[in-house]
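Residues per chain are reported as follows:
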Amino acid sequence: MKKFVLLHYGFEKPTPEIMAAWGKWFEATKPHTVDMGGFGNGREISKGGTKDLPLGPDSITGFTIVNAATLDDAEKIAQGNPFISSIRVYEVRSG
């Protein structure tokens with residue numbers, strides 16, 4: 001089994017409907033979930049300097065790490081998510 005990280009993009013003020021949909025998705029993916037968490041405001045540091053990253057449609061707002069056999073299987077897990085903007089799925093490589 002491999003690990004994949006699902007990066008959740010997009011923020012909007014949560015409604016009861018959105019919260020219920022997320023709750024259903026988290027419950028459905030529980031057998032595959034290794035870890036999960038959310039993000040608040042952040043900062044980007046680059047050669048050009050530092051800039052604040054407030055929550056918005058382009059923000060990474062959370063992550064879920066899942067066990068899956070393949071990238072295709074991880075994508076199937078992600079597809080049921082009630083995402084705001086999008087989800088990106090990456091295989092986690094161990095050192």
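Reading the values: rules and limits
- Residues numbered from 1 in each chain as written.
- Predicted model: local features only at pLDDT ≥ 70, side-chain atom pairs only at ≥ 80, totals over all residues.
- Heavy atoms only, no water.
- Helix = DSSP H or I, 4+ residues; strand = E, 2+ residues; numbered from the N terminus.
- Buried < 20%, exposed > 50% of the residue type's maximum accessible area, 1.4 Å probe, protein only.
- Contact = heavy atoms within 4.5 Å.
- Lys, Arg positive; Asp, Glu negative; His and termini not counted.
- Charge placed at Lys NZ, Arg CZ, Asp CG, Glu CD.
- Arc of directions from axis to C-beta.
- 1 Å grid on protein atoms, 1.4 Å probe; cavity = no way out; pocket = protein on both sides within 12 Å on 5 of 7 lines; lining within 4 Å.
- Points joined across faces, edges and corners; volume = space filled by probe spheres on them.
- Nonpolar A, V, L, I, M, F, W, Y, C, P; charged D, E, K, R; others polar.
- Salt bridge = Lys/Arg side-chain N within 4 Å of Asp/Glu carboxyl O.

Participant: It is not clear to me how the overall build of the chain should be interpreted in this structure. Could you clarify?
Facilitator: When helices and strands are counted, the chain shows two helices and six strands. When the helices and strands of the chain are read in sequence order from the N terminus, they spell out β-α-β-β-β-β-α-β. Each of the three principal axes of the chain carries a C-alpha extent, and together these read 40 × 40 × 20 Å. Buried positions account for 26% of the 95 residues belonging to the chain. A separation of at least 24 residues holds for 77% of the contacts in the chain among residues at least 6 apart in sequence. Within the chain, the 11 negative side-chain charges are centred at a point lying 4 Å from the centre of the 11 positive side-chain charges.

Participant: Even after reading the chapter, I still don't get helix H2 (residues 71-79), so can you show me in this structure?
Facilitator: Every α-helix carries 3.6 residues per turn, so stepping three or four residues along brings you back to the same face. Taken as a whole, H2 has its buried residues at Ala74, Ile77 and Ala78. Seen along its axis, H2 keeps its buried residues to an arc of 100°; they face one direction. In H2, the exposed positions angled more than 90 degrees off the buried face are occupied by Asp72, Lys76 and Gln79. On the buried face of H2, the contacting elements are strand S1 (2-9), helix H1 (16-29), strand S5 (60-68) and strand S6 (86-91).

Participant: Looking at this model, I keep getting lost on the layout of surface pockets. Mind explaining?
Facilitator: Over the atoms rolls a probe the size of a water molecule, and its path tells where empty space is left. Approximately 330 Å³ is the volume attributed to the largest pocket. Considering the residues around the largest pocket, the lining is formed by 20 residues, among which Gly10, Trp22, Thr61, Gly62 and Ile84 are closest to the centre. Those elements that provide at least two residues to the lining of the largest pocket are S1, H1, strand S2 (33-38) and S5. Partitioned by chemical class, the residues of the lining of the largest pocket number 12 nonpolar, seven polar and one charged.

Participant: Looking at this structure, how should I read the pattern of salt bridges?
Facilitator: Oppositely charged side chains can form a pair if their charged atoms are brought close together. All told, the structure shown has four salt bridges when counted by the stated rule. The salt bridge partner of Glu91 is Lys2, with a shortest N-O separation of 4.0 Å. One end of the pair, Glu91, is in strand S6; the other, Lys2, is in strand S1, and 89 residues separate them in sequence. Arg43 is the salt-bridge partner of Asp52, the closest N and O atoms lying 2.8 Å from each other. Residue classification places Arg43 among the exposed positions, given a relative accessible area of 60%.

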